[in-house]
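# Working through the structure, step by step
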Amino acid sequence: MGSRRLPAVAASGEEVGREGVRQPGGEVHAWLPGQNQTVCGLALSRTRLRRFPHVPFDYSGTDVLTEADAVGWICPRCLAATAGRRGKEKHGWVRESPRP
């Protein structure tokens, strides 16, 4: 059984934060370190996406982006692929109000 790796960020741009650390900007995708493509299937070399192995891809579909954010767009296909069963119980769903 392989170990489950957490996705990192690949982005079209970058900016340097207050601490002097590179941060993603522009278009953001999920990327598994060690692979040459994003989770949604874009080749990193052809799309010229920059890798950010130190930044985890922990975005959700309810995140609101403003003009003050360096990130301008989060890939919906990467969100769907990485969301999986977040917040669900380990054994699946539980009916809260069963029918009679």
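Notes on the structure follow. It should be emphasised that the depicted structure is a prediction, and the values quoted were computed from it without experimental measurement. (Residues numbered from 1 in each chain as written. Predicted model: local features only at pLDDT ≥ 70, side-chain atom pairs only at ≥ 80, totals over all residues. Heavy atoms only, no water.)

Val-9, Val-28, Phe-57, Tyr-59, Ile-74 and Cys-78 are the most contacted members of the largest nonpolar core, which totals 14 residues. Elements that contribute at least two residues to this core include exactly strand 1 (8-16), strand 2 (22-31), strand 3 (50-56), strand 4 (71-74) and helix 2 (76-83). With residues near it in sequence (within four places) discarded, Ile-74 still touches Val-28, Phe-57, Tyr-59, Leu-65 and Leu-79. Counting five residues, the second largest nonpolar core, distinct from the first, contains Ala-10, Trp-31, Leu-44 and Leu-49. (Core = buried A, V, L, I, M, F, W, Y, C linked by side-chain atoms within 4.5 Å. Buried < 20%, exposed > 50% of the residue type's maximum accessible area, 1.4 Å probe, protein only. Helix = DSSP H or I, 4+ residues; strand = E, 2+ residues; numbered from the N terminus. Contact = heavy atoms within 4.5 Å.)

Let us look at the sheet that holds strand 3. With mixed pairing, the four strands of this open sheet are ordered in space as 3-1-2-4. Here the strands that pair on one side only, and so sit at the sheet edges, are strand 3 and strand 4. Within the sheet, the average angular offset between the axes of one strand and its neighbour, ignoring direction, is 35 degrees. (Pairing = 2+ DSSP bridges. Axes fitted to C-alpha atoms, helices over the stretch in contact; angles between N-to-C directions.)

Further remarks concern the state of the cysteines. Simply put, disulfide is the name for a covalent bond between the sulfur atoms of two cysteines. Taken as a whole and assessed by the stated rule, the structure comprises zero disulfides. This cysteine, Cys-40, is not joined by any disulfide, and Cys-78 carries the nearest cysteine sulfur, 3.6 Å off. Summary of cysteine pairing: Cys-75 is not part of a disulfide, and the nearest cysteine sulfur, belonging to Cys-78, is at 3.7 Å. (Disulfide = S-S within 2.5 Å.)

Moving on, we get to the packing of aromatic side chains. The way to describe two aromatic rings as a pair is by their centre distance and the angle between their planes. If you walk through the whole model with that rule in mind, you get one aromatic pair. Aromatic side chains Phe-57 and Tyr-59 sit 5.2 Å apart centroid to centroid with 70 degrees between the ring planes, which places their arrangement in the edge-to-face category. On the basis of relative accessible area, Phe-57 is assigned to the buried category, the value being 4%. (Phe/Tyr/Trp six-rings, centres within 6.5 Å; stacked < 30°, edge-to-face > 60°.)

Pairing of strand 1 with strand 2 involves eight bridges; the strand directions are antiparallel. Looking across to strand 2, one finds that Glu-14 is bridged to Pro-24. What sits between the antiparallel neighbours strand 1 and strand 2 is a turn of five residues, in which Gly-20 has the positive phi angle 85 degrees.

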